[in-house]
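Structural overview
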Amino acid sequence: MPDLAAALAAGPVVLDGGLSTELEARGHDVSSALWSARLLRDDPAAIVAAHAAFAAAGAQVATAASYQATVEGFAAAGVGAAEARRLIASSVALAREGQGEGWVAGSVGPYGAMLADGSEYTGAYAATVGVAALRAFHRPRMELLAEAGADVLACETVPAAAEAEALLLEAQALGVPVWLSLTTVVDDDGVVRTRRGEPASEVFAMAADVDAVIAVGVNCTAPSAVGPAVTQASRTGKPVVAYPNSGEGWDAVARGWTGSPGIAPDAVPGWIADGARLIGGCCRVRPQHLAGLTRALS
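1. Some thoughts on the pattern of salt bridges
In total, this model carries 9 salt bridges according to the counting rule given. Across the pair D42 and R38 runs a salt bridge, and its minimum N-O distance is 2.9 Å. Taken together, the residues D42 and R38, both in helix α3 (residues 38–42) and 4 residues apart, mark about one turn of the helix. What makes D42 partly exposed here is its relative accessible area of 39%. The salt bridge partner of D42 is R41, with a shortest N-O separation of 2.8 Å. Look at the salt bridges and you will find they share partners, linking E22, R26 and R286 into a network.

2. Some remarks on helix α9 (residues 161–174)
For α9, which comprises 14 residues, the first-to-last C-alpha distance of 20 Å matches the rise-based estimate of 20 Å (1.5 Å per residue) to within 8%. Taken together, the buried positions of α9 are A161, E163, A164, A166, L167, L168, E170 and A171. Backbone geometry just after α9 places G175 at a positive phi near 75°.

3. Structural notes on helix α8 (residues 131–147)
For α8, built from 17 residues, the straight-helix expectation of 24 Å at 1.5 Å per residue is met to within 8% by its first-to-last C-alpha distance of 24 Å. Of all the bends in α8, the greatest reaches close to 30° and is centred on H138; the proline P140 follows between one and four positions later. Looking only at α8, the buried set comprises L134, F137, H138, R141, M142, L144 and L145. Of the surrounding secondary structure, the elements contacted by the buried residues of α8 are α5 (71–76), α6 (81–99), β3 (103–108), α7 (111–115), β4 (152–158) and α9. Downstream of α8 by a residue or two, G149 has a phi angle that is positive, lying close to 105°.

4. Section: the sheet that holds strand β12 (residues 276–279)
Ordered in space as β1-β12-β9-β8-β5-β4-β3-β2, the 8 strands form an open sheet in which the pairing is parallel. In this open sheet, the two strands that pair with only one neighbour each are β1 (13–14) and β2 (61–63). Bridge count between strand β9 (residues 240–243) and β12: 3 bridges; the pairing is parallel. In the sheet register, V241 faces β12, and the bridge partner there is L278.

Definitions and cut-offs
Residues numbered from 1 in each chain as written. Predicted model: local features only at pLDDT ≥ 70, side-chain atom pairs only at ≥ 80, totals over all residues. Heavy atoms only, no water. Salt bridge = Lys/Arg side-chain N within 4 Å of Asp/Glu carboxyl O. Helix = DSSP H or I, 4+ residues; strand = E, 2+ residues; numbered from the N terminus. Buried < 20%, exposed > 50% of the residue type's maximum accessible area, 1.4 Å probe, protein only. Expected span 1.5 Å × (residues − 1). Bend = angle between axes of the 7 residues up to and from the residue. Contact = heavy atoms within 4.5 Å. Pairing = 2+ DSSP bridges.

Listed below in structure tokens is the structure:
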């Protein structure tokens, strides 16, 4: 197979959907602070099956179950550091087994995911956790996933400019392909902003000259807000990644979803016209929804 960067240069590639959503729909408890990472230890076969379901629906890229998998997070659950590192690395092999042909992305979730308090949707921690500390936090997992053979690292659901900077610096140091995906909103004036409130265009621009970055874009963003974000991201000159959530909202206090799902496949051609090349779904997007996107892409 070509590398993913070459594939994106040739045309659109289908990313998978919400792994934790699929695991939950299959009856697995993902309500703990470890979220889907708990199953790396407790039921790895379930993770393989979920990856396989997305592959059957057309996904060409499987995103490993490492979004919430950190040494710190496992330590809080009573898992030792050596075992935590083994579990993080195992996420790549499990994704490879479920995906079959295709690529595997090692998920690098934000610092707020480890906190398990919903702060990845606000970026509030960026006020006190600086770039150096964020680099130190992300470095071990990025190294583990790269050494385990991930084709690309998905630096995803990034809510703040400081965290994007940290991830980009680590990507440069590590020298492996990454994509940078912000979680964004559109304000009342039509400006695309990070969840922290910074203009997304300024954050996207940080990635423009980083050779390790093979795509830049958004995820865990409302479908209605994807179009403006894709337009902004495309100005970097890099392929754009877009994988919105279902259109529902996450209530971090009640730990539940509100609203109705709604990724419209007929929106996809417009995203492609504006530069999107890596397209899939995030929270609450299941294989049957991804199949609709796959049909739209074909």
